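One-letter residues, chain by chain:
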Amino acid sequence: MSTTFIRGFASGTFASMACVYVYNTRVFKTPSSDNRRLDEELKPRILPADHPMLEDVNKLETQRRILKYGIPDRGQEYYIYDNHVLAYDQAKKIPIWVAEHLNAQNVKGSANRKHSKFKPDPSVNGRFNAENDDYFKSGWSRGHMSPAGNHKFNQEAMNASFFLSNVVPQNFENNSGFWNRFEIYCRNLTKKFTDVRVITGPVFLPDLEEDGPAIVKYPVIGKGQVAVPTHLYKVVLAELDGKPIALGAFVVPNKPIGFDKKLTDFIVPLETLEEKTGVEFLPKLNLSNVKPLCQVDSCHLKTKDEFELHIITRQLNRAENLDQLYKAYSKLEKKNLKPDQYMIELFTKKEMELKEKQLLGEREKKEL
DNA sequence: CGGCTGCAACCA
DNA sequence: TGGTTGCAGCCG
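The rules behind the values
Residues numbered from 1 in each chain as written. Chains lettered and ligands numbered in written order. Predicted model: local features only at pLDDT ≥ 70, side-chain atom pairs only at ≥ 80, totals over all residues. Heavy atoms only, no water. UniProt positions renumbered as here; feature names shortened; annotations may be inferred. Near = heavy atom within 4 Å. Polar contact = N/O pair within 3.5 Å; in protein donor to acceptor, adjacent residues only side chain to side chain. Helix = DSSP H or I, 4+ residues; strand = E, 2+ residues; numbered from the N terminus. Nonpolar A, V, L, I, M, F, W, Y, C, P; charged D, E, K, R; others polar. Disulfide = S-S within 2.5 Å. Buried < 20%, exposed > 50% of the residue type's maximum accessible area, 1.4 Å probe, protein only. Phe/Tyr/Trp six-rings, centres within 6.5 Å; stacked < 30°, edge-to-face > 60°. Axes fitted to C-alpha atoms, helices over the stretch in contact; angles between N-to-C directions. Parallel < 35°, antiparallel > 145°, perpendicular 65-115°, else oblique. Left-handed = near helix turned anticlockwise from the far one by under 90°. Contact = heavy atoms within 4.5 Å.

For chain A, the name recorded in an unreviewed UniProt entry is Nuclease EXOG, mitochondrial, with Lottia gigantea as its organism. What the UniProt record of chain A gives under Cofactor (unreviewed entry) is the line "a divalent metal cation". Checking UniProt for chain A, the heading Function (unreviewed entry) contains the comment "Endo/exonuclease with nicking activity towards supercoiled DNA, a preference for single-stranded DNA and 5'-3' exonuclease activity."

> Would you mind going over the protein's contact with DNA strand C in detail, with residue names and values included?
Around DNA strand C, the neighbouring residues are Lys-114, Lys-117, Ser-176, Asn-180, Ile-311, Gln-315 and Lys-327. Sugar plus phosphate: this is where 33% of the atoms of DNA strand C within 4 Å of the protein reside. Between Ser-176 and DNA strand C, the recorded distance is 3.2 Å, taken from a backbone N or O atom to a base nitrogen.

> Residue-level account of the protein's contact with DNA strand B, with values.
Around DNA strand B there are 21 residues in total, and Arg-113, Arg-142, His-144, Gly-149 and Asn-180 lie nearest to it. Across the atoms of DNA strand B situated within 4 Å of the protein, the share located in sugar and phosphate is 73%. Between DNA strand B and the protein, one listed contact pairs a phosphate oxygen with a backbone N or O atom of His-144 at 2.8 Å. At 3.0 Å from a sugar or linking oxygen of DNA strand B is found a side-chain nitrogen or oxygen belonging to Asn-175. If you tally residues by element for the surface near DNA strand B, the top one is strand 7 (residues 141-144), at 4 residues. The residue inventory of the surface near DNA strand B, partitioned by class, reads 5 nonpolar, 8 polar and 8 charged.

> So, the state of the cysteines: which residues are in play, and what are the values?
On inspection of all chains with the given rule, the structure shows 1 disulfide. What pairs with Cys-294 in a disulfide is Cys-299, and their sulfur atoms sit 2.1 Å apart. Negative torsions about the S-S bond denote left-handed disulfides, and the value of about -85 degrees found for Cys-294 with Cys-299 makes this one left-handed. The exposure class assigned to Cys-294 is partly exposed, which follows from its relative accessible area of 21%. Counting only cysteine sulfurs, Cys-299 is the nearest neighbor of Cys-186, a cysteine outside any disulfide, at a range of 8.9 Å. Look at Cys-186 and you get buried, because its relative accessible area is 2%.

> Quick one: what's the story with the environment of Arg-65, residue by residue and with numbers?
The residue Arg-65 is located in helix 2 (residues 57-66) in this model. Arg-65 sits 50 residues away from His-115 along the chain, and the two C-alpha atoms are 52 Å apart.

> Describe in detail the packing of aromatic side chains, supporting the description with residues and values.
If you walk through the whole model with that rule in mind, you get 11 aromatic pairs. Both rings, one in Tyr-81 and one in Phe-163, keep their centres 6.0 Å apart while their planes meet at 55 degrees; by these two values the pair is tilted. Residue Tyr-81 is located in the loop between strand 4 (77-80) and strand 5 (85-89), and its partner Phe-163 is located in the loop between helix 4 (155-161) and strand 8 (167-170); the two are separated by 82 residues in the primary sequence. Taking the relative accessible area as the measure of exposure, Tyr-81 reaches 5% and is therefore buried.

> Give me the lowdown on the packing of helix 9 (residues 304-318) against helix 10 (residues 322-334), citing residues and values where you can.
Relative to each other, helix 9 and helix 10 sit at 165 degrees, their axes nearing to 8 Å. Classed by the angle they form, the pair helix 9 and helix 10 counts as roughly antiparallel. In the crossing of helix 9 with helix 10, the sense of the turn from one axis to the other is left-handed. On helix 10, the residues that touch Leu-309, Ile-312, Gln-315, Leu-316 and Arg-318 of helix 9 are Gln-324, Leu-325, Ala-328, Tyr-329, Lys-331 and Leu-332. Per-class residue counts for the contact of helix 9 with helix 10 are 7 nonpolar, 2 polar and 2 charged.

Below is the structure:
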């Protein structure tokens, strides 16, 4: 089975009006990448009945003349995958936003990242696509926006998360450290809330440390000049039985973040984030009864010890032979950490399984 | 959990 | 010959 993706079109506040967005008599959002449909889509029937443009037929003619060959389209299409949806920036070759829905079911399962590979997104026009080569030896890691770990229930869904349309150049230490802990935190929210909706993406902010004018400055990497964002953001909405309860917006610098920093250090008002990204994230959400996430929940990220225990637990789980198992377990002593009951049971269970596996392997060798 | 690299095997 | 692929081993 191949991964399914469908192309759709971003719908905002005026979603009910089908597709054309009109503001000050300027169509600024293209209704379709199929520009042959332009004439049809500019017909007044799709504009709001009281729109001023309808008062002046000449304005419509002007648009037709100027936009004879179509409305310039800047990535307003969005892409739908098995378990995430995204809008893509064809100039920067990274996503604009990536939306996902987490619940207790879809963050669990047997899908394994070892079976997935990073690759260009086949649904993105080639010349606008990032390549693995762009990232190779660039000094930046390929950071998932919708993390692989959020697609554990389905291998195909996880594979789709490895398309480079879901990836931005991310600082190594940030990716495996603070951001990783942030992602784990979001997954764990599904233990407390029935539905968790997350929108993740890159954001480009001016360097505030320098004197003088504010300048947005960012590296580009590889032949394709993939843009390296200065910051990453997450918008997290927690729901209980279909009712939105809590919302948090966070902006984290794309650089190493130590254990001394808390998630609450990175809270930003949703409106500020929307202004910086140019994206209206949850246009249909009524915020009146929604509380700040970190007032409803602790927003606690794993501490250094908790995080290292978590990693060793995963390494035990991942171990495919006794060598790997013992090696991972020995790290506990090295780091002066005490295993909890779960970990001891996991180790014992895993040790039995792998010993059996080893015996089977030896038997097969003898038979050959 | 999140990643990277090198190397051998394979194929057109 | 160059390009892809899978695997082992490494890191935080």
